[in-house]
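Structure assessment
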Amino acid sequence: NAGVMQNPRHLVRRRGQEARLRCSPMKGHSHVYWYRQLPEEGLKFMVYLQKENIIDESGMPKERFSAEFPKEGPSILRIQQVVRGDSAAYFCASSPGLGTEAFFGQGTRLTVV
Amino acid sequence: DQQVKQNSPSLSVQEGRISILNCDYTNSMFDYFLWYKKYPAEGPTFLISISSIKDKNEDGRFTVFLNKSAKHLSLHIVPSQPGDSAVYFCAAPNRDDKIIFGKGTRLHILP
């Protein structure tokens, strides 16, 4: 049973470009979470999705950021017109829900140059 | 409003001694608590959990204690080993299954 898969592991984008981060949850998991870790900071919640639904996006910046978890395929975190401040490690986690633990992917390290 | 608080950003412990990491929470509706361990450049890995119906859960060198009246939990690692040096996050899922994390405590195990 493969774990949570995130790709790419490293992504370099120039200012103004778009970044797409992918997350394939563990088999049987229908809940996906995205977190961001800035240098020297903890894990900041961004968005919580279930299949085809955004449950809580209170941690997402209002502009340029969006997330989806389609019926088929991975969850996508999309950042449009990236700026230097978007440089961070983005972690995805999945769980089967019901208040259980979530399992994390290895993260995508985004660098905006 | 920070619902899960880890007030010690870092902790240094001698190898072989006990490491105690603390966590406080404000939401009395939390009924399940999680500890994660994170190495640099890797994703957090689940370490141990505890249900609110228990006050202690033990797994090898790791024990988590829960004091519901004080809204406090702690992770004990004994004996501490060099590989335990990492950042430890306390977390709890809320009623909507959103997992709330503390800011983490960086544990340094000294030789």
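These figures come from a predicted structure and were not determined experimentally.

A few words now on the side chain of Lys 98 of chain B. Tracing the backbone through its elements, the reader meets Lys 98 of chain B in the loop between strand S9 (86–93) and strand S10 (99–101). Side-chain polar atoms of Lys 98 of chain B contact the side chain of Asp 56 of chain A, separated by 3.1 Å. A distance of 3.3 Å separates the side chain of Lys 98 of chain B from the side chain of Ser 58 of chain A, its partner in a polar contact. Ignoring any residue separated from it by four or fewer positions in sequence, one finds Lys 98 of chain B in contact with Tyr 33, Phe 45, Tyr 48, Asp 56 and Ser 58 of chain A together with Ala 92 and Pro 93 of chain B.

With that settled, the discussion passes to the nonpolar core. In terms of nonpolar packing, the biggest core is built from 24 residues, with Phe 33, Trp 35, Leu 73, Leu 75 and Tyr 88 of chain B touching the most fellow members. Of all the elements in the fold, those that place two or more residues in this core are strand S3 (19–25), strand S4 (32–38), strand S5 (45–51), strand S7 (62–67), strand S8 (72–77), S9 and strand S11 (105–110) of chain B. Val 32, Met 60, Leu 77 and Tyr 90 of chain A belong to the second largest nonpolar core, which has 23 residues in total.

With that settled, consider the sheet that holds S8 of chain B. Each strand in a sheet pairs with another by means of backbone hydrogen bonds, the pair being arranged parallel or else antiparallel. Residues and elements named next belong to chain B. Spatial ordering of the open sheet is given by S1-S3-S8-S7-S6, a layout of five strands whose pairing is antiparallel. Two strands in the sheet have a free side with no partner beyond their single neighbour: strand S1 (4–5) and strand S6 (56–59). Across two bridges, the pairing between S1 and S3 is antiparallel. Counted as the bridge partner of Lys 5 is Asp 24 from S3.

This brings us to the pairing of S5 of chain B. In the sheet, S4 of chain B pairs with S5 of chain B via six bridges, with the strands oriented antiparallel. Counted as the bridge partner of Phe 33 of chain B is Ile 50 of chain B from S5 of chain B.

This next bit is on the environment of Ile 100 of chain B. Residues and elements named next belong to chain B. Within the element layout of this structure, Ile 100 appears in strand S10. Along the backbone, Ile 100 and Pro 44 are 56 residues apart, and their C-alpha atoms lie at a distance of 14 Å. For Ile 100, the residues in contact, after removing those within four places along its chain, are Gln 3, Val 4, Phe 30, Cys 90, Ala 91, Ala 92 and Asn 94.

Attention shifts here to the pairing of S7 of chain B. All names here are of chain B. Bridge analysis of S6 against S7 gives four bridges, and the strand direction is antiparallel. Directly across from Asn 57, in S7, lies its bridge partner Val 64. Hairpin remark: S6 followed by S7, antiparallel, with two residues in the connecting loop; positive phi at Gly 60, about 65°. For S7 and S8, the ladder comprises six bridges, and the chain directions are antiparallel. Bridged to Asn 67 within S8 is His 72. Here S7 hands over to S8 after four residues, with Lys 71 in that stretch at a positive phi of 50°.

Reading guide: rules and limits
- Residues numbered from 1 in each chain as written.
- Chains lettered and ligands numbered in written order.
- Predicted model: local features only at pLDDT ≥ 70, side-chain atom pairs only at ≥ 80, totals over all residues.
- Heavy atoms only, no water.
- Helix = DSSP H or I, 4+ residues; strand = E, 2+ residues; numbered from the N terminus.
- Polar contact = N/O pair within 3.5 Å; in protein donor to acceptor, adjacent residues only side chain to side chain.
- Contact = heavy atoms within 4.5 Å.
- Core = buried A, V, L, I, M, F, W, Y, C linked by side-chain atoms within 4.5 Å.
- Buried < 20%, exposed > 50% of the residue type's maximum accessible area, 1.4 Å probe, protein only.
- Pairing = 2+ DSSP bridges.

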